[in-house]
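Listed below, chain by chain, are the residues.
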Amino acid sequence: MSSYRKRIAILGATGYGGSELLRFLLFHPNVEVVRATSRQHPGKPVHTVHPHLLKVTELCFEDVSPEEAAEGVDLVFSALPHGASQDSVRRLPASVKAIDLSGDFRLKDPAVYRDVYGHEHNAPEQLGQFVYGLTEFNRRAIAPARRVANPGCFATAALLALLPLAHAGTLDGPVALVGVTGSSGSGAEPKSGTHHPERAEAFRAYKPLVHQHLPEICQELSRAGAPEARVAFVPHSAPMVRGIHITAILHPKEPLSLETVRSIYHSHYGDERFVRLRNEPPDVAVVAGSNFADLHCRSDGRTLVVLVALDNLVKGMVGQAIQNMNLMLGLPEHAGLQFPGTRP
Ligand SMILES: NC(=O)c1ccc[n+]([C@@H]2O[C@H](COP(=O)([O-])OP(=O)(O)OC[C@H]3O[C@@H](n4cnc5c(N)ncnc54)[C@H](OP(=O)(O)O)[C@@H]3O)[C@@H](O)[C@H]2O)c1
């Protein structure tokens, strides 16, 4: 491999996604972050917003257009909020590769996008150019792609739980999907829902049956041969900072033994670096800070339960995006992502 380090730009680098992209990419052996944009902090060193990066990098934020940010770089990450992201990403030159972390290019149908996000899509003609970046299932399409839509954090966990069953033709009945997320899922901007006195000890459901990741989950299950899957998704906010936990409960028409279920998951994930099959229920604390998704399944023959835990900011966002970047730039898929997390 050549010693040339691929040049990377980050749009929206002051947010939590930007923070995590910097944390991983500054230690990536094959890439160099050359630009980090911010409207609010132009000219300031990145450590003024991300204090853990003092003495790690001299990089400063810049307030530049997407076109300027893309000059001379190999790949652009957009870590902007949805809406703002499509306005920027649509302006990037076709010659520069891009990965969008927002929900703007995940849904293929602009009418579904409008229903979910409450506004028209500004670049519907570009939706077809984006590959859905669920690495473990789409890597053959991701590697040659110029545009990748990185999956949502809940969608990543839910699809890792359900897609093996869809591919095996056993996702043939209703699916109850219970999700739990930490507060970092709402981004760096303070809101009442992330305000410590209100959030620290709260545990509550939100957006039952109408969370924006549900159409994304159904779209991908349909592509995998389970268009009739009826998924009822109820997300919850939990008093933790990082973490996604998904519980999927199913009653397959044909009873599935635990042995059969295990062999289905083993055939998909046995050789995967970042998906670990656990003998016990997974724990968000064990995967925090890492790019691992831990999965456990149980079956009593009639009822099947699949549990997944991952870090929303890593496997549910930036880590998966770096897996995709590595594929798109011809680098080893796991490069820069070996960190195992912390314990305790
Ligand atoms: N947090 C998660 O767990 C998670 C997981 C998966 C995907 N995502 C998605 O990833 C994206 C980034 O998430 P995040 O949590 O990093 O968000 P965030 O913490 O709110 O950061 C958003 C960034 O975008 C910039 N920005 C905000 N509004 C803008 C606008 N109108 N135009 C241009 N720049 C704007 C902000 O910086 P300045 O104001 O300084 O410009 C900030 O750097 C979002 O689309 C989110 O839905 C988040």
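Just so it is clear, the structure is predicted and the values come from calculations on it, not from any experiment. (Residues numbered from 1 in each chain as written. Predicted model: local features only at pLDDT ≥ 70, side-chain atom pairs only at ≥ 80, totals over all residues. Heavy atoms only, no water.)

Some words on the domain arrangement of the chain
What the domain assignment lists for the chain is domain 1 (6–129) and domain 2 (153–312). For domain 1 versus domain 2, the distance between C-alpha centres works out to 26 Å. With 11 residues of domain 1 in contact, the opposing surface of domain 2 contributes 10 residues. Between domain 1 and domain 2 lies a buried interface of about 880 Å² when both sides are counted; carbon and sulfur atoms form 56% of it. Of all residues in domain 1, the largest losses of buried area upon contact with domain 2 belong to Tyr16, Arg106 and Leu107, amounting jointly to 51% of the total for that side. At the junction of domain 1 with domain 2, the criterion picks out 2 salt bridges. Of the charged contacts, one joins Glu20 and Arg242 as a salt bridge, the two residues approaching to 3.0 Å between their closest N and O atoms. Viewed at the interface, domain 2 and domain 1 are joined by 5 residue pairs in polar contact (both at pLDDT 80 or more). For the side of domain 1 that touches domain 2, the elements supplying multiple residues, two or more each, are helix 1 (16–25) and helix 4 (110–117). A class-by-class count of the residues in the side of domain 1 that touches domain 2 yields 6 nonpolar, 1 polar and 4 charged. (Domains from an automatic or database assignment. Contact = heavy atoms within 4.5 Å. Buried area = accessible area lost by both parts, 1.4 Å probe. Salt bridge = Lys/Arg side-chain N within 4 Å of Asp/Glu carboxyl O. Polar contact = N/O pair within 3.5 Å; in protein donor to acceptor, adjacent residues only side chain to side chain. Helix = DSSP H or I, 4+ residues; strand = E, 2+ residues; numbered from the N terminus. Nonpolar A, V, L, I, M, F, W, Y, C, P; charged D, E, K, R; others polar.)

Some thoughts on the pairing of strand 2 (residues 31–37)
A large share of strand 2 lies buried, amounting to 6 of its 7 residues. Looking at chain direction, strand 1 (residues 6–11) and strand 2 are connected through 5 bridges and run parallel. Bridge pairing in strand 2 links Ala9 to Arg35. Where the polypeptide runs from strand 1 across helix 1 and back to strand 2, its parallel neighbour, the crossover connection is right-handed. Direction of pairing for strand 2 relative to strand 3 (residues 61–62): parallel, over a ladder of 2 bridges. Looking across to strand 3, one finds that Thr37 is bridged to Glu62. (Buried < 20%, exposed > 50% of the residue type's maximum accessible area, 1.4 Å probe, protein only. Pairing = 2+ DSSP bridges. Right-handed = clockwise from strand over helix to strand, strands pointing away.)

A word on helix 5 (residues 135–142)
All of the buried residues along helix 5 are Thr135, Glu136, Asn138 and Ile142. The arc enclosing the buried residues of helix 5, seen along the axis, measures out at 150°, which places them on a common side. Those residues of helix 5 that are buried are in contact with strand 6 (131–132), strand 7 (147–149), helix 6 (153–167), helix 8 (213–223), strand 12 (275–277) and helix 11 (314–328). (Arc of directions from axis to C-beta.)

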